[in-house]
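Architecture and fold: a report
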Amino acid sequence: MAEYLLYAVLNIGFITAISPLLLGAIKKVKALSQGRVGPPLLQGYYNLAKLLKKEIIYSQNTSFIMRLAPYLNIGFLLAAAAMVPVVFLPSAEGAPGNVILFLYLLVSAKFFMALAGLDAGSTFGGMGSSREMSLSAIIEPVTITSAAALAFVLKTTDIPEMFAAVLGASLAQYPTLILIGMSLFIVLIVETARIPVDNPETHLELTMIHEAMLLEQTGPKLALMELSYGVKQTVLMAILINIIFPWGLAAEATLPAIAVSMLSFGLKALALAAVIGVFESLMAKIRLFRLPSFFMLALFFSFVTIVFELLA
């Protein structure tokens, strides 16, 4: 029990702490690849500190849902962060990490964010929530299929056990993980509302999805929503990293092992952030009605993985 409490505190704290840095790294790489200087790497921390000092203002049309949604959103995502080891692998009996429960937590956070977008009754909030739910109806089956393919290959639905399996083996033993990695990358892009699906930096009516749901949030509540977005991105990046490149993840709770694990994950996450930044710079935003074709790529990779495993 003591080991799990240590794991939960360190894992959640590290993911929360590194999330604004990864958001800043993606923006920096995008700016550099487009010939701009871009914001400082630590700009995400400055923005959160600024928002925490501001006053909270609510529209007179809002209800208790708008007030509760930021706390529920960050709560669900921190619970999901506790299920994805990045500091060390907890013992199997003390660590809840079922991938189905993990997906439920992500969906619950998204549901309350969309509900808050509708709560104020504004045009933009309603439009963003409507678009988010429409896309979710398409991407959720793809996400579930990707998780099912991962569980099918590694013979477990427990996320820490998945990481332990690939940590003690080589990629040559699980070649289909490369296909799942491609599928997880597309899921990461879609779930974090990035180009070519959405543009997290835009406030244009024709392109807004995620940002439209946050327009009515202010001050510390907006800071919580922004932080929860960063935590969600880091958690999804951690799954992709620890499935394809698990090296460095600590198998025991010793101080040197934890330090190496944090350092290696930080470096791998920054490398993946650079890849996402370059990917976004090379892509144009896809028209809304053509997005299902992009999602189908992830479904195809997951389906092919399951077929290969059945034929093996």
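Residues numbered from 1 in each chain as written. Predicted model: local features only at pLDDT ≥ 70, side-chain atom pairs only at ≥ 80, totals over all residues. Heavy atoms only, no water.

1. Looking at the nonpolar core
Keep this limit in mind: The set of buried Ala, Val, Leu, Ile, Met, Phe, Trp, Tyr and Cys residues whose side-chain atoms join them within 4.5 Å is what this entry labels a nonpolar core. Exposure categories follow from relative accessible area, calculated using a 1.4 Å probe and restricted to protein chains: below 20% of the type maximum is buried, above 50% is exposed, and the middle band is partly exposed. Secondary structure elements are defined from DSSP: runs of H or I of at least 4 residues count as helices, runs of E of at least 2 residues count as strands, and each element is numbered from the N terminus. When checking whether two residues touch, look at their non-hydrogen atoms; a contact exists if any pair is within 4.5 Å.
In terms of nonpolar packing, the biggest core is built from 86 residues, with Phe102, Phe163, Ile243 and Phe295 touching the most fellow members. No other element matches helix α8 (residues 219-244), which puts 14 residues into this core. Dropping the residues within four chain positions of it, Ile243 is found in contact with Leu150, Leu154, Met162, Phe163, Val166 and Leu177.

2. A word on the packing of helix α1 (residues 2-33) against helix α9 (residues 255-282)
Just so we agree on the cut-off: For every element, the axis is a line fit to its C-alpha atoms; helices are fit only across the contacting stretch, and the angle between N-to-C directions ranges from 0 to 180 degrees. Crossings are assigned a handedness: left-handed for a near helix turned anticlockwise from the far helix by less than a right angle, right-handed for a clockwise turn. The classification used treats Ala, Val, Leu, Ile, Met, Phe, Trp, Tyr, Cys and Pro as nonpolar, Asp, Glu, Lys and Arg as charged, and all other residues, Gly among them, as polar.
Running from N to C, α1 and α9 point in directions that differ by 35°, and their axes come no closer than 8 Å. Viewed along their axes, α1 and α9 form a crossing whose handedness is right-handed. Taken together, the residues that form the contact of α1 with α9 break down as 17 nonpolar, four polar and two charged.

3. Some thoughts on unusual backbone geometry
In the segment running from Ile195 into Pro196, the intervening peptide bond is cis, with an omega of 15°. Tracing the sequence through the fold places Pro196 in the loop between α7 (177-191) and α8. Phi is positive for Ala193, close to 55°, though the residue is something other than glycine. Overall, the relative accessible area of 7% leaves Ala193 in the buried class.

4. Description of the packing of α7 against α9
So the rule is basically this: Convention used here: angles under 35 degrees read as roughly parallel, angles over 145 as roughly antiparallel, angles from 65 to 115 as roughly perpendicular, and any remaining angle as oblique.
Packing of α7 against α9 brings their axes to within 12 Å, and their N-to-C directions diverge by 70°. Between α7 and α9, the angle falls in the class roughly perpendicular. Across the interface between the two elements, Phe185, Leu188 and Ile189 from α7 touch Leu272, Val275, Ile276 and Phe279 from α9.

5. What about a nonpolar patch on the surface?
Rules: Put simply, a patch holds well-exposed residues, over 30% relative accessible area, that have no salt bridge, with like charges counted together within 9 Å and Val, Leu, Ile, Met, Phe, Trp or Tyr side chains within 5 Å. What sets the accessible areas is the Shrake-Rupley method with a 1.4 Å probe; for residues, cover comes only from the shown protein chains. Salt bridges are identified by distance alone: a Lys or Arg side-chain nitrogen within 4 Å of an Asp or Glu carboxyl oxygen.
Where nonpolar side chains cluster on the molecular surface, the patch consists of Phe64, Leu68, Tyr71 and Leu72 and spans about 410 Å² of accessible area. On the basis of relative accessibility, which here comes to 57%, the residue Phe64 falls in the exposed class.

6. What to know about the pattern of salt bridges
Side chains that differ in charge, positive against negative, can pair when their charged atoms come close. Overall, the coordinates contain five salt bridges when judged by the stated rule. Of the charged contacts in the structure, one is a salt bridge between Glu280 and Lys30, with a shortest N-O distance of 3.5 Å. Here the residue Glu280 occupies a position in helix α9, and Lys30 occupies one in helix α1, the gap between them amounting to 250 residues. As far as the burial class goes, Glu280 and Lys30 line up, both buried. Look at the salt bridges and you will find they share partners, linking Lys110, Glu140, Glu191 and Lys232 into a network.

7. Overview of the UniProt feature "transmembrane region" (unreviewed entry) in the protein chain
For clarity, the threshold we go by: UniProt positions are given in the numbering used here, feature names are shortened, and annotations may be inferred rather than shown by experiment.
The UniProt record marks residues 6-26, 68-89, 101-121, 133-154, 166-190, 234-251, 257-279 and 291-311 with the feature "transmembrane region" (unreviewed entry), using the residue numbering of this structure. Annotation note: span residues 133-154, helix share 100%, strand share 0%, distance between end C-alpha atoms 31 Å. Secondary structure across residues 257-279 comprises 100% helix and 0% strand; the distance between its end C-alpha atoms is 32 Å.

8. Details of the packing of aromatic side chains
Selection criterion: Between the rings of Phe, Tyr and Trp (Trp by its six-membered ring), a pair exists once the centres lie within 6.5 Å; its type follows the angle of the planes, with under 30 degrees stacked, over 60 edge-to-face, and the other angles tilted. As a reminder, the over-ring test applies to NZ of lysine and CZ of arginine, requiring each to be within 6 Å of the ring centre and within 35 degrees of the ring normal.
Under the defined criterion, the tally for this structure stands at eight aromatic pairs. Residues Tyr4 and Tyr7 carry aromatic rings whose centres are separated by 5.7 Å and whose planes lie at 40° to one another, so their mutual orientation is tilted. Of this pair, Tyr4 and Tyr7 both sit in helix α1, three residues apart, which is roughly one turn of that helix. Classification of Tyr4 by relative accessible area gives buried; the value is 18%. For Tyr7, a relative accessible area of 0% puts it in the buried group. An angle of 20° between the planes, with centres 5.9 Å apart, marks the rings of Phe76 and Phe112 as stacked. In this pair, Phe76 is assigned in helix α3 (residues 64-81) and Phe112 in helix α4 (residues 99-119), connecting sequence segments 36 residues apart. Looking at Phe76, the relative accessible area reads 21%, which means it is partly exposed. On the basis of relative accessible area, Phe112 is assigned to the partly exposed category, the value being 23%. Ring pairing ties together the aromatic residues Tyr4, Tyr7 and Phe88, which thus form one cluster. Positioned above the aromatic ring of Tyr58, the side-chain terminus of Arg67 is 4.1 Å from the ring centre.

9. Let's talk about α7
Here is the rule we go by: Any helix carries an expected span of 1.5 Å times its number of residues minus one.
Look at α7: 20 Å from first C-alpha to last across 15 residues, which is about the 21 Å you get at 1.5 Å a residue. In terms of burial, α7 is a largely internal element, 13 of the 15 residues being buried. Note on α7: the residue one or two positions beyond its end, Ala193, has a positive phi of about 55°.

10. Focus on the side chain of Lys232
Tracing the sequence through the fold places Lys232 in helix α8. Of the residues examined, Lys232 reaches a relative accessible area of 9% and is grouped as buried. The residues contacting Lys232, other than those within four sequence positions of it, are Leu77, Lys110 and Glu191.

11. Quick look at α8
With 26 residues, α8 should reach 38 Å at 1.5 Å per residue; the first-to-last C-alpha distance of 38 Å fits that figure. Most of α8 sits out of view: 23 of its 26 residues are buried.

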